[in-house]
Each structure stands twice: as C-alpha cells, then as structure tokens.
Amino acid sequence: MDTVFFGVSKCPVCGTEYVQGEQTLCPTCGWDVTLDPQLISGELPEGNSSGEVTKLFWAKNVWALVQERDSAVKQLEWKLADIEGQLSKFWERLDRAGKERINAQEKVDRLLFKSEEARQQRDRLETEINHERQERLAGYQSLETRLNEVFSQLQQGNGDRPVISQPLHPLQSSSNPMIEPHDLKEMLANLHQEIARLQPPQEEQIFQEIQDLKQQLNDSKTEKLKLMNQLVFEQKKSAGLQEKIKELNLEIEASSRHNGAIEFEADMVNLLISSLADPSEAVQRWAYALLKRSHLPKAKMAIEDYQPYRFFRCLQVVEHQKAVRTLAIDPDGNFLVSGSNDKTVKIWEISTGNLIKTGIGHTGSAIALAISPNGELFASGSGDNTIKLWELKTGKLRFTLRGHTGWVNALAFHPKGNMLVSGGADKTIALWNLDTQELIGTFYGHTSTVRSISINPQGNTLVSGGNDNMIKIRNLLTGELLHTLTDHTGSVCSVAISPDGNLLASGSNDTTLRLWNVGTGKLLYTLADHSSGVTSVSISQNNMMASSSDDGTIKIWNLEQARPIHTIPPLKTTHGNEGYMLCSVIGPNGDKIVTGFDGGKIKIWGIGDH
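Bear in mind the structure is a predicted one, so any value in this text is a computation, not a measurement. Residue numbering note: each chain is counted from 1, following its sequence as written. Per-residue local features are limited, in this predicted model, to residues with pLDDT of at least 70; the limit for side-chain atom pairs, both in listing and counting, is 80 or more; totals at the level of whole chains, interfaces and linings are taken over all residues. Here the side-chain values reflect all heavy atoms present in the structure, with hydrogen atoms and water set aside.

Across the protein chain, pLDDT averages 80, with 78% of residues at or above 70. Confidence of the predictor in every single residue is expressed as pLDDT, which spans 0 to 100. We call two residues in contact when some of their heavy atoms are within 4.5 Å. Note that pLDDT drops below 50 for residues 1–5; the model gives that stretch 1 contact with residues more than four away or on any other chain. Residue range residues 38–48 is modelled with pLDDT below 50. Its contacts to residues more than four positions away, or to other chains, number 14 contacts.

So, in structure tokens, the structure goes:
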C-alpha cells in the first residue's frame, strides 16, 4: 500500500491554508487544490498543461477582483452607516416637530380658555355698566324731582309777594316798542334791588344747592361720556374676541365632526368586534370583512387576534396546461405570478382571478419565482438554466441572465431591489447585479441541488436549503459561512425568514417544519403536524405562516407561538384527491393563500366579502 503524506499548503489563488490529501477544494475560493504541484508552482510538466496555467492565472485575477469588490462593499457599508445616522437625525427632527405640534395644540387650548375668560369678563362689564347706568338714571330722576320741588317752592314764594308782580309786568312786556332802553335798564335795576330785599336767607341756600346739583349733573354727564367711550372700546375689543371665538368655534365644530366620525367608527368597530363571537358564521364573515376596511388600531388588533382561517374557502380556480411548480404574490397582495411545466409564467389578478398576461420565453419548466420589493419586476428561474426578468404589470421581458449549469430552483430579491440571488441544481448560489446584468459572485458549499433560498429583511443574511438535507446561513455582504444546520433528515424544500429577520422556518421531505434562530443557528421548535413531505413554507407580514405538504393539506401557524391555527383538508373530487400540492404561498396580509397542483390548477383561498 502506498504511503500518503499529509502536509499543510496554501491555495495558489487566495492563499488559504489546507491539508494536502484531505481536501480537494479550497474552502474559501473553491479552487481545485489537487492539481499537479509543478503546475501550481508555475512550472510546466511534460505534456500540454498550458490550459491549466491559464485557468490559474484567470482565477488569481478573479480573486483579486473579488477582494477589490469586498473592499468596495465595506466602503458602501460605511456609507450606509452614515446614511443611517442621518436618518436617525431626521427621526429626531420628526419627533421635535411632533412635540411642537403638541405645544401648538396646547397654545390653542389656552387661547380658547382665555377667550372664554374674556367673554365672561365682557359679560360682567356689561352687567356693571348697565347697573351703573340704572343708578345714574335713578340719580337723574331724583335730581329732577328735587329741582321741581325747588322751583315749586320758588313759585309759591313769588306768589306771596305781590310787590314783585308790578315791576315784573313791564319787563314781561318789554317787547313793547314804547319802552326805551334806559327805562328798561332802570326797571331791571329796580327789580334786582327788590328781589334782593324780599329774598329770604333760605333762598340763597336753595340757590346754592341748585348750583351744586347742576354741577353734579354736569359731572355725571362727563362720567357718563367716559363710560360710553369705555363701553365703545370694550365693544370693539369684544367684537375682536367674538371674531376669534367664531373662528375657534368653527375649528372646534370641524374637530367635533371629525371626532364624532371617529367616535362613530369606534362604536361600529366595537359592535363588529363583538359580532366576531356571534353564533352565525355569516355574521362573523360580514364582521371580519368590514373590520378589514377600518384603519383603527383596535380593528387591526381584533383581526390579528381573530382566527378567520376556519372560514377559508376556495374563491377562485385558474389553471395552466401542466403542473404548477411555483407561485409568488406581490408586496401589495394584488397580483399573483405562477410558473408551470408548460414553460410559461402567468400574471393573475388575485381578487378576480383574471389572467393579465402570459410570459413566453423559457424553453424549460418555470420552477422558481421572486417579485421585487417595489412590485415592479419579477424574476423566473427555469429548467433551461436561465433566469428571466419581467415587468409585473405588463408581462414584458426585460432581459435574461445566464450562468448556471443546471436548473434554477430558487430565487430571492435583495431588499434594495438591485441584486438577485439564485440557487441551482449545479450546487451553487449565484449573485447578480441587476443594473449591469452581471454575475458578481458565486457561493459554494452545498453537496447537492440547492432547492430554496431566502434573504432577511435587513439584506445582510442569506439562507439556503438543499437536497443534501442541510441549511446554510451566510453573511451576504462578505460571503462568510456563519452556520450549517444539519437537523433535517430529508431534502430542505423551502426556507422563509420572519419579517423581523430573527426566525427561520424550514420545510423538509422528512415531514417536519423547523424553526431556528437566524443569528445563532439554534433549533427552537420541531413541528411534526404534517404526515408527508413539506413542499412549501411562507410567512406573512403579520407573522402568520402557511405550509403545504404532499399529504394534501394546508396548515396555518402562529409563527411567534409556534402553534397550528387551522388545517385546510385536501379537496375531494369524483376521482379522489385533487392531486399533489406542489407549492403554496400566503399573502402579505395573511388574508389569502394560493396553492398550485400537479394537475395544473391554482386555487386562491380566502374569506371573501360575502
């Protein structure tokens, strides 16, 4: 027996150390390290080895380009961190704007309070002015009464003095032209002397009192004028306040109408929520359908807590000419794309089941589908070893990617939408730049066909499952292999990552579903509710998981609680079961499930509006 010597050497492409004789491929770059040592050292052995030297030279250049790409990726990561910092500042400014809005609302409330105080103060002032006006009027009436009494006394006093009447008579007829001016002056002088002689002392006091009363009357008129001016000023001020109050009342009325509408909707939502427990399934269906239209958080919480899947029924049936191999629903839940052994991809409207477009171009079965995050494009992978990019709304073919040497079984868009990842029967995972339509990287590691792939929402982790029964978790930015999961005992047909990026679900031909921690690779749960191989696993945005199996059932799971919610049993026909269920997918809101069968039919499941 020949003796085999093991030694440590370095890969001629990337410089990674390996043990000679134990490894055939470099674990880092995948170079075949079993080549002739003379060839690796650069010496040409006898025979024609120039092709191998050329390959080595090409591989070294490619590895150098990969290193440059990794450096560029790191720079992009730094820029991304800077952008995230700017976003953080933006959110801080947004929070400050929210606080300022709250302060403005508080100011409006204070203005309303001050307006109410001003109105009350105006009412008190008007009451005081009216009271004072009544007091002044009573004073005027009292003064007028006293003046009448004084004049009455004077008239009585003049009636007791007939001596005065004679001098007054000529004066009262002073308009007579026979009276001369000097006579008139003399008569007036005599009259004054007579009045002074006859006027008793108390008449001086009465006269003085009259003068005082007249002065008080003038003073009261002056005060009244001041009060009237003040009243006019207050009325103008009150008019301004009334205008503000009117504007505020309009705002309050509009707010009240809005609040009233919200209160009405809240009451209706409470009624609908209580109707979810009604014994009648028809009432429950109506309540659920109406709650889905409400934007109130309470309605959304009720829908999430409710388990409507027991009312799921087949709403639409559409079909291909041959077996349906793959399905995908756009991020808005409006469109369905299907791929089939008839080599076509079809675009459907989910709500009506209407066929929008049929994509023709593959020369092999359409096995894999993925829709871009913005819902504008979708990719299809085929048994013809190609990937095609299509417009979702029009079905127009954009371009074709070639690079795999086997069937393309799995596809996933990067969350940014500018990169596509594919897995194939050639045991490789390929990374594509969709802007340049170039292959930018290849991952090795699976020892058999790659069946399924998924990328986390953060865009930095890639998960793949294969026919080698293994799941591999990689750093998508660096290509570093983080974890290899080997608990499954059958092919890993499907993998899906939760919306928060923390949980990984995998379905296998060993009839189990398994839940893993993406960061640590730790197995959390093994779910063995299916009786046959699990063909598809998909997760909605509200953490509802749907799985389909060769046993013909669809199972809906609460992902966070790792428990089954409902099972849709196989549909029976006159000839038996509908056929093998090859694929399934749950809608982004969890309100639709679509299944594909080997007979070519596609069934769309949901509650419906009636």
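Read on, since the account is not over.
Take the sheet that holds strand β18 (residues 471–475) next. Whether two strands pair depends on DSSP finding at least two bridges between them. By the criteria applied, helices consist of DSSP H or I runs no shorter than four residues and strands consist of E runs no shorter than two, each listed in order from the N terminus. A sheet is described by the order of its strands in space; here 4 strands give the open sequence β16-β17-β18-β19, paired in antiparallel fashion. Two strands bound the open sheet, and with one partner strand each, they are β16 (450–455) and β19 (481–485). Averaged over all pairs of adjacent strands, the angle between strand axes in this sheet comes to 15°, irrespective of strand direction. Taken together, the 4 bridges between β18 and β19 define a ladder with antiparallel strand orientation. Orientation is described by axes fitted as lines to C-alpha atoms, over the contacting stretch for helices, and by angles from 0 to 180 degrees between their N-to-C directions.

So, about the side chain of threonine 553. Mapped onto the elements of the fold, threonine 553 is located in the loop between β25 (544–549) and β26 (554–558). Any pair of nitrogen or oxygen atoms within 3.5 Å is treated as a polar contact; in protein, a donor-acceptor pairing is required on top of that, and neighbouring residues in sequence qualify only through side-chain atoms on both sides. A polar contact is formed between the side chain of threonine 553 and the side chain of histidine 530, at a distance of 3.3 Å. Those residues in contact with threonine 553 that sit more than four places away from it in its chain are His530, Ser547, Ser548, Thr567, Ile568, Pro569, Pro570 and Met581.

Right, let's get into the environment of proline 588. Following the sequence through the fold, proline 588 ends up in the loop between β30 (581–586) and β31 (593–597). As for proline 588 and aspartate 330, which are separated by 258 residues in sequence, their C-alpha atoms are 8.0 Å apart. If we skip the residues at most four places from it in the chain, proline 588 touches Ile329, Asp330, Pro331, Asp332, Gly333, Ser540, Gln541 and Asn542.

Attention shifts here to the nonpolar core. What makes a nonpolar core is a set of buried Ala, Val, Leu, Ile, Met, Phe, Trp, Tyr and Cys residues whose side-chain atoms join them at distances within 4.5 Å. To sort residues, take the accessible area from a 1.4 Å probe on protein chains only and compare it with the maximum for the residue type: under 20% means buried, over 50% means exposed, and anything in between is partly exposed. Ranked by size, the top nonpolar core spans 23 residues in total, and within it Phe312 and Ile593 carry the most contacts. Sorting the residues of this core by element identifies α5 (201–275), α6 (281–293), β25, β26, β27 (563–568), β30 and β31 as the ones contributing at least two each.

The next thing to look at is the pairing of strand β15 (residues 438–443). On a regular strand, each side chain points to the face opposite its neighbour's, so the side chains alternate between the two faces of the sheet. Relative to β15, strand β14 (residues 429–433) runs antiparallel, the two being bridged by 5 bridges. In the sheet register, isoleucine 429 faces β15, and the bridge partner there is phenylalanine 443. What sits between the antiparallel neighbours β14 and β15 is a turn of 4 residues, in which glutamine 437 has the positive phi angle 60°.

Within the open sheet, the 4 strands sit side by side as β8-β9-β10-β11. Their pairing is antiparallel. Of all the strands in the sheet, the pair left with one neighbour each is β8 (366–371) and β11 (397–402). Going across the sheet, the axis of each strand differs from the next one's by a mean of 20°, ignoring polarity. Sheet topology places β8 next to strand β9 (residues 377–382); 5 bridges connect them, and they run antiparallel. Counterpart to alanine 370 in the pairing with β9 is alanine 379.

Below, the discussion takes up a nonpolar patch on the surface. Here a patch means residues that are over 30% exposed by relative accessible area and free of salt bridges, tied together within 9 Å if like-charged and within 5 Å if nonpolar (Val, Leu, Ile, Met, Phe, Trp, Tyr). Accessible areas in this description were obtained via Shrake-Rupley with a 1.4 Å probe; residue shielding takes into account the shown protein chains only. Salt bridge, as used here, is a side-chain nitrogen of Lys or Arg placed within 4 Å of a carboxyl oxygen of Asp or Glu. A contiguous nonpolar patch, built from Leu80, Ile83, Leu87, Phe90, Trp91 and Leu94 and spanning about 560 Å² of accessible area, is present on the exposed surface. As for its placement among the helices and strands, isoleucine 83 is situated in helix α2 (residues 50–159). Residue isoleucine 83 is classed as partly exposed on the basis of its relative accessible area, which comes to 44%.

Attention now moves to the pattern of salt bridges. Throughout the structure, instances matching the rule amount to 2 salt bridges. For glutamate 391, the salt bridge identified is with arginine 398, shortest N-O distance 3.0 Å. Take arginine 398: its relative accessible area is 45%, and that puts it in the partly exposed class. Residues aspartate 510 and arginine 514 are paired through a salt bridge, measuring 3.9 Å at the closest nitrogen-oxygen approach. Take aspartate 510: its relative accessible area is 13%, and that puts it in the buried class.

What follows covers the pairing of β30. Counting buried residues along β30, 5 of its 6 residues qualify, which places the element largely inside the surrounding structure. In this structure, the hairpin formed by β30 and β31 is closed by a connection of 6 residues, where glycine 590 is found at a positive phi of approximately 75°.

Take the side chain of threonine 595 next. With respect to the secondary-structure elements, threonine 595 resides in strand β31. At a separation of 3.1 Å, a polar atom in the side chain of threonine 595 contacts the side chain of tryptophan 605. Non-local contacts of threonine 595, meaning those with residues more than four positions away in its chain, are made with Leu327, Ile554, Met581, Cys583, Ser584, Lys601, Ile602, Lys603 and Trp605.

Along the chain, histidine 404 turns up in the loop between β11 and β12 (408–413). For the pair histidine 404 and asparagine 385, spaced 19 residues apart in sequence, the C-alpha separation works out to 5.6 Å. Looking at histidine 404, its side chain comes within polar contact range of the side chain of serine 422, at 2.7 Å. Within the structure, histidine 404 has its side chain in polar contact with the side chain of aspartate 426 (distance 3.0 Å).

A few words now on a positive patch on the surface. His is not counted, nor are the chain ends, whereas Lys and Arg count as positive and Asp and Glu as negative. Just so you know, the charge point we use is NZ for Lys, CZ for Arg, CG for Asp and CD for Glu. On the surface, a cluster of positive charge is made up of Lys89, Arg93, Arg96 and Lys99. Within the element layout of this structure, arginine 93 appears in helix α2. Among the residues examined, arginine 93 registers a relative accessible area of 47% and is labelled partly exposed.

What follows covers unusual backbone geometry. Positive phi outside glycine occurs at asparagine 385, with the angle close to 70°. Turning to its location among the elements, asparagine 385 is positioned in the loop between β9 and β10 (386–391). At asparagine 543, a residue that is not glycine, the phi angle is positive and equals roughly 65°. If you trace the backbone, asparagine 543 turns up in the loop between β24 (534–539) and β25. The class of asparagine 543 is buried, set by a relative accessible area of 13%.

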